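Structural features, examined
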Amino acid sequence: VAEPTGSIEVEAKFMVGPGTEARLVMLGAVLAGAVSFQDRYYDTPDGRLTLADHWLRHREGAGWELKCPLWPVGGARDPGYGPGATSQDGSTRDATSLNSGAPAQPPGSTTAYQELTSPVAVVAQLCTILAVAPDPGWACIPVAVAGLGLEEFAAFRTQRRSYRLGGLRVDLDEADFGYAVGEVETAVTHPSEVPAAQEEVTRVGRELGVEVTGSVMGKMSVYLQRYRPQHYEELVQSRRL
Ligand code: TPP
């Protein structure tokens, strides 16, 4: 997708510890809300969306959302995994940075995904990735999901405490399968703003996170590793996780 139609979410994950909320308050963060929601993720039975680093979900209270890489998979600027993503074993891959000439992101740093929510944009992108001609009947996402043969491959509930810290959002998430993770997020509108946003969320993530070496896994990575190990392996092999 050359010109983004949705916002670009730039995010750094960090490990939550017993002192995280106190540290947030010390930094001036304000609790913005505590919510609980169910996420349902969808893909073809052979995982073609996620293998192309596309993450389609229905989130209770928020609706449908498609997270897409900033540049098309296999495109000239695609380093073979999500922009800025690092491997779960903590090794830094040969990270082609978003701004050419910039140093590689250190392990455990950031991801940047375009988030599509408009049904027209979501369905168009799904058809592009799956190389299927769009059907005029697919105006609403559930109908398109069924027509494209997408199936739920992950479902879990998250309890989230959200803080506002300046222009950033900090989410403290606890998934119902027993995994807690923190996320520092900001949204930008243009790819050129991504590098500065990455620096900012990385800096705050380092201030908040329990000191660890290696990257912090997201909820989905842990879910797949536990409950869909084959899918997880395929994603790791293709450098999508
Ligand atoms: N985490 C890292 C470090 N690199 C990646 N490439 C991915 C995850 C792949 N990925 C991108 S979006 C997504 C996944 C698994 C779905 C869940 O997104 P996440 O940001 O974990 O959840 P949210 O904060 O939206 O609940």
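Up top you'll find the structure we're talking about.
A brief look at the structure comes next. (Residues numbered from 1 in each chain as written. Predicted model: local features only at pLDDT ≥ 70, side-chain atom pairs only at ≥ 80, totals over all residues. Heavy atoms only, no water.)

Time to look at unusual backbone geometry. Where the residue is not glycine, phi is negative for most of them; where a peptide bond is considered, it is trans in most cases. One non-glycine residue, aspartate 53, lies in positive phi territory at about 60°. With respect to the element layout, aspartate 53 can be found in the loop between helix 2 (48-51) and strand 3 (55-59). (Helix = DSSP H or I, 4+ residues; strand = E, 2+ residues; numbered from the N terminus.)

Moving on: the pattern of salt bridges. With the rule as written, the count across this model stands at 15 salt bridges. Put simply, aspartate 171 and arginine 169 hold a salt bridge, and the shortest N to O gap is 2.9 Å. Using a relative accessible area of 0% as the deciding quantity, one classes aspartate 171 as buried. For arginine 169, a relative accessible area of 37% corresponds to the partly exposed category. Salt bridges linked by common partners bring Glu11, Lys13, Arg160, Arg169, Asp171, Asp173, Glu183 and Lys219 together as one network. (Salt bridge = Lys/Arg side-chain N within 4 Å of Asp/Glu carboxyl O. Buried < 20%, exposed > 50% of the residue type's maximum accessible area, 1.4 Å probe, protein only.)

Attention shifts here to the pairing of strand 3. Along strand 3, four of the five residues are buried, which leaves the element largely enclosed by surrounding structure. By the bridge criterion, four bridges tie strand 2 (residues 30-43) to strand 3 in an arrangement that is antiparallel. Residue tyrosine 41 lies in a different strand from strand 3, and its bridge partner there is arginine 57. Both strand 3 and strand 4 (residues 63-69) contribute to a ladder of five bridges, which runs antiparallel. Residue pairing across strands places arginine 57 opposite glutamate 65, the latter belonging to strand 4. Counting the residues between successive antiparallel strands, the hairpin from strand 3 to strand 4 contains three residues, one of them, glycine 61, with a positive phi of roughly 90°. (Pairing = 2+ DSSP bridges.)

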